[in-house]
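Overview (structure and organization)
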Amino acid sequence: MSLLAALLALVLLVAGCSGTVDLDTEDPVVSPTPTEEPARPIADARAPDAAYSLIPATDPAELAIGLSRAYLVGAQVAVLAPRDDRDAVLRAASIAAASGAPALLSSPDDATLDVELLRLGVVGVVTVGAVDLDAIDTTSLIVAPAPDDAAELGEMLGTPLTGVPLPEPGGDDVAALLDLADGEVFAPGASGGSDGSEGESTEDQAGTEGSDAEGTEDAETSEATDATEPADDASAASTEPVTGTSPAQEPTAVGELPALTAAEPVEDSVVIAGRDQAQLTAIGTALAVGADVLRTAGDPRADEALVESLGASDPSSVVGLGTAMGDEETFTWRAQTAATGTQLPGGAQLVTGKRYVALYGSPVTPSLGLLGEQGVDETIDRAERYAARYRSLTEDTVVPALEIIVTVASSSAGDDGDYSNEWDPETFVPLVEAAADAGQYVVLDFQPGRSSFLEQVREYEELLAYPHVGIALDPEWRLKPDQVHLQQIGSVATSEVNEVIEYVADYVRENRLPQKLVVLHQFQLRMITDRQDLDMTRSEVALLIHADGQGSQGAKQATWRTLHEDAPEGVMWGWKNFVDEDSPMLTPEQTYRGVDPVPDFVSYQ
């Protein structure tokens, strides 16, 4: 073998062992270029598993953590503010809403914040104001004080931000937060210009009470890294815990936040908040995850706008904030009812808070009152005319109403022996539906004889299914087993009335119906025995005592005053004007000006 052949064989042998060979020694080997780490979603949000849930807290920090736990699976960043700094809390809530990160509150010795940060897997915190980090495990935690400049803050969080002025103290901070446009955050020194441009913060702002301490620099804090400047390599590499700060200082910047992108918002979820300003931070997180925020003063059924919004959106999950809406069970059925979107005549889903003017009688016969003296359409028109006379006398909503006698006392026992005639419920459907179309309320009046009220009310359940239909119990016509009508005035035990209340309330809740009116006719105290034991705990119904005595106005006023003595607290009141029997019958002005308190329900017979 020649020398050249031997050398060639050696080269091939080496190439076979290594798998590569480069015969062109003039070209250098190029190393691969390192790729940048991809941006991370700032948070991972999911709608709650439960269709309806409540965070029953009043403490702002507890509310904020509760909302975070309800929606967030994880988060790269959390926005922290000291709970007692109003401006910082406002800014933090707005930053959360605009960026998608949760907003939380710090306070000394509060271990729950640290637990939540660990649960979320937070790698960095954006601090607003003098956040106290003593209670937090800051090992390997990136700390980024929020710069005053919204554009710089936006670069830090991976989203364009525009600064707007902080609202003046003493107003509705939650409303101000909800009024922000997409990408707007509260920023110190931001101008109020329509173009959203920001002004420069002044030196004296930093030290004033209630203003943020961010971006300031003095002898005590000169060693801290300026929050508005990029962190240097040394701070970026640091993994040492952040030391505690004094109440007047913001934390020192440590490290640099990773590249961030927007999170995927939740869909079809609603947070119902109250009017409590303590809910501000939680609401910021609610906006951050993409939930729609609705506000109400208490019972969701009482808010016409909320009922309309819930009904239109048909959310898959609803979360309540605070304690004003009841416990979780109460909140759930009330919110479920509000979500039907059904409105009562006069608006919302409560019969309370309005005034009613009604025609009394039966469409079966004209002898029982004004209601039966004309056909269906004419009855609806007449009810509206009577109600219209009262509207100029009050600022309250006046609703036309019909009190329809559906079972009537009888002088004979009848086939069932109960001294009461029960008309077919279908008889009243045309009038009930015409009232619904006209925005009028309907009350079904029961005169049971020797039957019980509960037995008769059950027979008309198909009419109770209409949202605008309530009931009236007339004890004058409730007989004992050995009694007959017109030989005595009937009466009913409160225990029997409570059975009806329970039945109607359960029916309302199970069928997600608006609140129903339960009228109790009374013109003598003995007509309802043990009245102090009436069940006033079921908000599915509203009880109204209706003084339906006739005669001279002096006697009627005396009855009115007597019935009010020791009456259950919270009961509504009704007054009846008899067209033929009263002497004289009161005018609308006299009814509202001369009857004290002003009746909630006025009927004409």
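Residues numbered from 1 in each chain as written. Predicted model: local features only at pLDDT ≥ 70, side-chain atom pairs only at ≥ 80, totals over all residues. Heavy atoms only, no water.

**Quick word on the overall build of the protein chain**
- Summing up its helical and strand segments, the protein chain has 17 helices and 25 strands in all.
- Counting only residues that meet the buried cut, the protein chain has 52% of its 605 residues in that class.
- Pairs at least 24 apart in sequence give 74% of the contacts found in the protein chain among residues at least 6 apart. (Helix = DSSP H or I, 4+ residues; strand = E, 2+ residues; numbered from the N terminus. Buried < 20%, exposed > 50% of the residue type's maximum accessible area, 1.4 Å probe, protein only. Contact = heavy atoms within 4.5 Å.)

**Let's talk about the packing of aromatic side chains**
- A full pass over the atoms with the stated rule returns nine aromatic pairs.
- An aromatic cluster is defined as three or more aromatic residues linked by ring pairs; in this entry it consists of Tyr356, Tyr441 and Phe601.
- In this structure, Arg389 is placed above the aromatic ring of Tyr386, and the distance from its NZ or CZ to the ring centre is 4.3 Å.
- In this arrangement the basic side chain of Lys576 is found over the ring face of Tyr360, its NZ or CZ atom lying 3.5 Å from the centre. (Phe/Tyr/Trp six-rings, centres within 6.5 Å; stacked < 30°, edge-to-face > 60°. Lys NZ or Arg CZ within 6 Å of the ring centre and 35° of its normal.)

**Describing helix α16 (residues 553–564)**
- In this model, α16 (12 residues) spans 17 Å end to end at C-alpha, consistent with the 16 Å of a helix rising 1.5 Å per residue.
- Among all positions of α16, only Gln553, Lys556, Gln557, Trp560 and Leu563 are buried. One side of α16 holds all its buried residues, which, seen down the axis, span an arc of 125°. With respect to the buried face of α16, the exposed residues turned more than 90 degrees away are Gly554 and Arg561. (Expected span 1.5 Å × (residues − 1). Arc of directions from axis to C-beta.)

**Describing the environment of Thr58**
- With respect to the helices, strands and loops of the structure, Thr58 is situated in the loop between β3 (52–55) and α2 (60–71).
- Once the C-alpha coordinates of Thr58 and Thr323 are considered, the two residues, 265 residues apart in sequence, prove to be 6.9 Å apart.

**Here's the deal with a negative patch on the surface**
- A cluster of acidic residues, Glu264, Glu267, Asp268, Asp292 and Asp314, forms a negative patch on the protein surface.
- With respect to the helices and strands, Glu267 occurs in the loop between β11 (260–261) and β12 (269–273). (Patch = residues over 30% accessible without salt bridge, like charges linked within 9 Å, V, L, I, M, F, W, Y side chains within 5 Å. Areas by Shrake-Rupley, 256 points an atom, 1.4 Å probe, with all protein chains shown as cover. Salt bridge = Lys/Arg side-chain N within 4 Å of Asp/Glu carboxyl O. Lys, Arg positive; Asp, Glu negative; His and termini not counted. Charge placed at Lys NZ, Arg CZ, Asp CG, Glu CD.)

**Quick word on the sheet that holds strand β6 (residues 103–106)**
- The strand order β6-β5-β7-β8 describes an open sheet built from four strands, whose pairing is parallel. Each edge of the open sheet is held by one strand with a lone partner, namely β6 and β8 (142–145). Taken pair by pair, the neighbouring strands of this sheet meet at an average axis angle of 30°, ignoring direction.
- In the sheet, strand β5 (residues 77–82) pairs with strand β7 (residues 124–127) via four bridges, with the strands oriented parallel. (Pairing = 2+ DSSP bridges. Axes fitted to C-alpha atoms, helices over the stretch in contact; angles between N-to-C directions.)

**Here we look at the environment of Asp416**
- Take Asp416: it is sitting in the loop between β16 (398–409) and β17 (420–422).
- Linking Asp416 and Arg450, residues 34 residues apart in sequence, is a C-alpha distance of 9.8 Å.

**Things to note about the packing of α2 against helix α4 (residues 111–120)**
- Taken N-terminus to C-terminus, the directions of α2 and α4 make an angle of 20°; their axes are 11 Å apart at the nearest point. One element, α2, and the other, α4, form an angle in the roughly parallel class. With respect to the hand of their crossing, α2 and α4 are arranged in left-handed fashion. Contacts from Ile65, Ser68 and Arg69 in α2 reach Thr112, Leu113, Glu116, Arg119 and Leu120 in α4.
- Residue composition of the contact of α2 with α4, grouped by class: three nonpolar, two polar and three charged. (Parallel < 35°, antiparallel > 145°, perpendicular 65-115°, else oblique. Left-handed = near helix turned anticlockwise from the far one by under 90°. Nonpolar A, V, L, I, M, F, W, Y, C, P; charged D, E, K, R; others polar.)

**Points about unusual backbone geometry**
- Backbone torsion omega between Ser583 and Pro584 reads -10°, so that peptide bond is classified as cis.
- Considering the arrangement of structural elements, one finds Pro584 in the loop between β24 (572–577) and α17 (588–594).
- Pro597 follows Asp596 through a cis peptide bond whose omega is 0°.
- Assignment of secondary structure puts Pro597 in the loop between α17 and β25 (601–604).

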